[in-house]
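Letter by letter, the chains look like this.
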Amino acid sequence: MTSSSWTFAVSRDNLEKSILSDGDTPSPGSGEVVLRVDRVGLTANNVTYAVLGSSMRYWDFFPPAARGLGPEWGLPPLWGFADVVASRVPGVLEGRRFYGFLPPASDLIVRADRIDETGFHDASPHRADLPSPYNSYRLTTGDPAYRHDQEDLMILLRPLFFTSFMLADYLVDNAFFGASTLVVSSASSKTAYGAALSLRGSGPRLIGLTSPGNVAFTRSLGCYDEVLPYGADLGDPGPTAYLDLSGTPATRAELRAKLGSSLVRDVAVGLTNQVPDIDAADELFFAPVQMGKRRRDWGRDELDRRFAEAWHRFTGAVGGWLSTEVGHGPDGLRSAWSDVLAGRVRPNVGRIVQL
Ligand SMILES: NC(=O)c1ccc[n+]([C@@H]2O[C@H](COP(=O)([O-])OP(=O)(O)OC[C@H]3O[C@@H](n4cnc5c(N)ncnc54)[C@H](OP(=O)(O)O)[C@@H]3O)[C@@H](O)[C@H]2O)c1
């Protein structure tokens, strides 16, 4: 066996500490498929997976033990494309390309199940009770949102926009909880942008909160009615719902103190600030839950159709300001991880790694 397989992992206790380990090229057992991880992206969302690695079980998708690493290490999940390099599953052919949840590693063994023209699910026992959307691998040829010339946008933005889309839908579905103003933190993030774009013109006034250095950029996006730095006076915004993507405890505390009973809903969506503060909110927004509801309400095909339509609108808009920086191989991955973790990536940039 050649030793061309590798894995990147981070210390669960200190996300700045990482390791690259070598292994043997895997071969598939009966019912298994080997995916070669080809191209992935990193945004603050992947750091959030690591921050919530234990509490929300993101470490469980790609167990370090299977790669000869101890339990002190974790593999932060990434989104991207992978190609089938070996298969012992009829219907999943070598050379096919899939989009999905991938380890920061050269390869992944999956047990392909529920195979149809849109892709398959990984039925590996350790993933059985993890949220189903993360176990789904979409075949490029069976996905109405896929376009070959937009792979990098899909790598960086699809899971984020899926949340944006479902979050906007969740608010509309609940008549904005009576709010006439929506306050969004980490307004410069790609997830916030997608949500604001989807919500613009739907009724409530949109106020984006961001770091002082990101105010000008966030205003230039044109999707918020107002953009303010953290800590600014909001005036009297009336009934307000807070969509919290930064997770910064001080911002939440300040909004509660200033708005009092006008704060009609407080929804934790993310934690770009890397401080878990979800329990302090009224609720945690988890896109797969609203997705499950809409699958029941609309059916899978209609949900796919609506998402693809919104996705194409979104990529048309985001293509105007987002640029990508592409790194290569394990070292490129390590460097992208440390830059995203440290908040060194400008909001108009997306980091891609060709492995
Ligand atoms: N609940 C869900 O289902 C779900 C799904 C997708 C994403 N999310 C969450 O949404 C959030 C945004 O994700 P994204 O991938 O869209 O982010 P992104 O585009 O990479 O966001 C970058 C922004 O996050 C803030 N930020 C980044 N690094 C930081 C650091 N080290 N310290 C403090 N602030 C930092 C800055 O915004 P400001 O200056 O504007 O604060 C920065 O412009 C994440 O927490 C993610 O997990 C949740």
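Please read all numbers here as calculations on a predicted model, not as lab measurements.

Brief notes about the site of the ligand
- Residues in close proximity to the ligand total 29 residues, the closest being Thr43, Thr191, Thr210, Ser211 and Tyr230.
- Between a nitrogen atom of the ligand and a main-chain N or O atom of Leu341, the distance comes to 3.4 Å.
- Calculation on the ligand without its partners gives an accessible area of 950 Å², and the protein chains cover 88% of this total.
- Breaking the shell around the ligand down by element, the ones donating at least two residues are α1 (44-51), α2 (151-173) and α3 (190-199).
- Here the shell around the ligand gets 3 residues from one element, more than from any other, and that element is α1.
- A per-class count over the shell around the ligand returns 12 nonpolar, 16 polar and 1 charged.
- Two domains share the shell around the ligand, each providing at least three of its residues, namely domain 1 (5-143 + 322-354) and domain 2 (161-288).

Describing the packing of aromatic side chains
- Overall, the coordinates contain 32 aromatic pairs when judged by the stated rule.
- Relative to Tyr137, the ring of Phe120 has its centre 5.3 Å away and its plane inclined at 20°; by these criteria the two rings are stacked. Taken together, the positions of Phe120 in strand β9 (residues 119-122) and Tyr137 in strand β10 (residues 136-139) put the pair 17 residues apart, joining distant regions of the chain.
- Their ring planes at 20° and their centres at 6.2 Å tell us that Phe307 and Trp311 sit as a pair that is stacked. One end of the pair, Phe307, and the other, Trp311, are both in helix α7 (residues 300-318), 4 residues apart, so they sit about a helical turn from each other. Across the pair, exposure class does not vary: Phe307 and Trp311 are buried alike.
- Members of the aromatic cluster, connected to one another through ring pairs, are Tyr49, Tyr58, Phe61, Phe62, Trp79, Phe81, Tyr99, Phe101, Tyr134, Tyr146 and Phe286.

As for the domain arrangement of the chain
- Splitting the chain by domain gives domain 1 (5-143 + 322-354) and domain 2 (161-288).
- Each of domain 1 and domain 2 was reduced to a C-alpha centroid, and the two centroids are 29 Å apart.
- Counting residues at the interface gives 17 residues for domain 1 and 12 residues for domain 2.
- With both sides pooled, the region where domain 1 packs onto domain 2 buries about 1100 Å², and carbon together with sulfur makes up 77% of that total.
- The largest per-residue losses of area from domain 1 upon contact with domain 2 belong to Val51, Met56 and Pro347, which jointly make up 39% of the total buried on that side.
- Applying the counting rule to domain 1 against domain 2 returns 0 salt bridges.
- Our enumeration of links across domain 1 and domain 2 arrives at 2 residue pairs in polar contact (both at pLDDT 80 or more).
- Among the elements of the structure, α1 and β18 (349-354) are those that each provide at least two residues to the side of domain 1 that touches domain 2.
- Tallying contributions element by element places α1 first for the side of domain 1 that touches domain 2, with 4 residues.
- When its residues are assigned to classes, the side of domain 1 that touches domain 2 shows 13 nonpolar, 4 polar and no charged.

Conventions adopted
Residues numbered from 1 in each chain as written. Predicted model: local features only at pLDDT ≥ 70, side-chain atom pairs only at ≥ 80, totals over all residues. Heavy atoms only, no water. Near = heavy atom within 4 Å. Polar contact = N/O pair within 3.5 Å; in protein donor to acceptor, adjacent residues only side chain to side chain. Areas by Shrake-Rupley, 256 points an atom, 1.4 Å probe, with all protein chains shown as cover. Helix = DSSP H or I, 4+ residues; strand = E, 2+ residues; numbered from the N terminus. Nonpolar A, V, L, I, M, F, W, Y, C, P; charged D, E, K, R; others polar. Domains from an automatic or database assignment. Phe/Tyr/Trp six-rings, centres within 6.5 Å; stacked < 30°, edge-to-face > 60°. Buried < 20%, exposed > 50% of the residue type's maximum accessible area, 1.4 Å probe, protein only. Contact = heavy atoms within 4.5 Å. Buried area = accessible area lost by both parts, 1.4 Å probe. Salt bridge = Lys/Arg side-chain N within 4 Å of Asp/Glu carboxyl O.

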